[in-house]
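Summary of structural features
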Amino acid sequence: MLAARGRLWLFAGTGEGPPLAAALQRQGWCLRVSVVSPEAGQAYGELPHLELFSGALAGPQALELALRQAQQQGDPFALVLDATHPFATTIKATLAAGCRAARLPLLRLQRPWCDQQEGDGPGADAAGAALLAGLAALEHEPLAGTRLLLALARASCRLR
């Protein structure tokens, strides 16, 4: 392991979070990781020297207070890293407001949205899921006798 570069606070889930945390540790970062539940924290069990917190953050003021306390105790965070789910809008707003108030950088893991790969049909994303222009487009889908998982989002998708 490299010499410690500093301390990061990572907010993440169970998919990308553990490999991201491992990569950051290999680069010499000390980590505090926040996850939504104790069960989610189990995904990080193999990582050494990790501060793991589970549960909801009690708003931007709680984040600001924790960041300022770490600074006052001589163990400051260099930045906060948001690798939460793209639709986790509440925590994203909380992290933005708390970091802004504490004057600490916030980095956000930006995932490519609905990237169309060569060979995908029109209206399909890279995973093969159908992308509909709106709910009215469902009437043209052959759904009789099938089960449907419909995922809705406020964010818009861009096909490239």
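Going by the structure above, here's the rest.
This write-up is about the structure you can find in this document. These numbers come from a predicted model, not from an experiment.

With that settled, consider unusual backbone geometry. One non-glycine residue, His 49, adopts positive backbone phi at about 50°. Looking at where His 49 falls in the secondary structure, it is placed in the loop between α2 (38-41) and β3 (50-54). Note on His 49: relative accessible area 73%, which makes it exposed. Despite not being glycine, Arg 103 shows a phi value in the positive range, around 55°. If you trace the backbone, Arg 103 turns up in the loop between α4 (89-102) and β5 (106-108).

In the structure shown here, the tally under the stated rule is 6 salt bridges. In this structure, Arg 68 engages Glu 64 in a salt bridge whose closest nitrogen and oxygen atoms are separated by 2.9 Å. Pair noted here: Arg 68 and Glu 64 are both in helix α3 (residues 60-72), with a separation of 4 residues, about one helical turn. A relative accessible area of 36% places Arg 68 in the partly exposed class. A salt bridge links Asp 82 to Arg 108, with the nearest nitrogen and oxygen atoms 3.0 Å apart. Here the residue Asp 82 occupies a position in strand β4 (residues 79-83), and Arg 108 occupies one in strand β5, the gap between them amounting to 26 residues. Overlapping salt bridges bring together Arg 7, Arg 32, Glu 51 and Asp 75 as one network.

Scanning the model with the defined rule gives 2 aromatic pairs in all. When the ring of Trp 9 is compared with that of Phe 11, the centres are 5.2 Å apart and the planes differ by 20°; the resulting orientation is stacked. According to the relative accessible area criterion, Trp 9 is buried, its value standing at 4%. Taking the relative accessible area as the measure of exposure, Phe 11 reaches 5% and is therefore buried. An aromatic cluster of at least three residues, connected via ring pairs, comprises Trp 9, Phe 11 and Phe 77. Positioned above the aromatic ring of Trp 9 is the side chain of Arg 32, whose terminal nitrogen or guanidinium carbon lies 4.7 Å from the ring centre.

Counting buried positions along strand β2 (residues 29-35) yields 6 of 7 residues, so the element is predominantly enclosed. Pairing between strand β1 (residues 6-12) and β2: 6 bridges, direction parallel. Within β2, the residue paired with Leu 10 across the bridge is Val 33. With 5 bridges joining them, β2 and β3 adopt parallel strand pairing. The residue bridging Leu 31 from the neighbouring strand is Leu 50, located in β3.

The terminal C-alpha atoms of α3, which comprises 13 residues, lie 18 Å apart, in line with the 18 Å expected from a rise of 1.5 Å per residue. All buried positions along α3 are accounted for by Leu 63, Ala 66, Leu 67 and Ala 70. Here the buried residues of α3 occupy an arc of 95° about the axis, which is enough to place them on one side. Across from the buried face of α3, at angles greater than 90 degrees, the exposed residues are Gln 61, Gln 71 and Gln 72. Looking at the buried positions of α3, the neighbouring elements they touch are β1, β4 and α4.

Conventions and cut-offs
Residues numbered from 1 in each chain as written. Predicted model: local features only at pLDDT ≥ 70, side-chain atom pairs only at ≥ 80, totals over all residues. Heavy atoms only, no water. Helix = DSSP H or I, 4+ residues; strand = E, 2+ residues; numbered from the N terminus. Buried < 20%, exposed > 50% of the residue type's maximum accessible area, 1.4 Å probe, protein only. Salt bridge = Lys/Arg side-chain N within 4 Å of Asp/Glu carboxyl O. Phe/Tyr/Trp six-rings, centres within 6.5 Å; stacked < 30°, edge-to-face > 60°. Lys NZ or Arg CZ within 6 Å of the ring centre and 35° of its normal. Pairing = 2+ DSSP bridges. Expected span 1.5 Å × (residues − 1). Arc of directions from axis to C-beta. Contact = heavy atoms within 4.5 Å.

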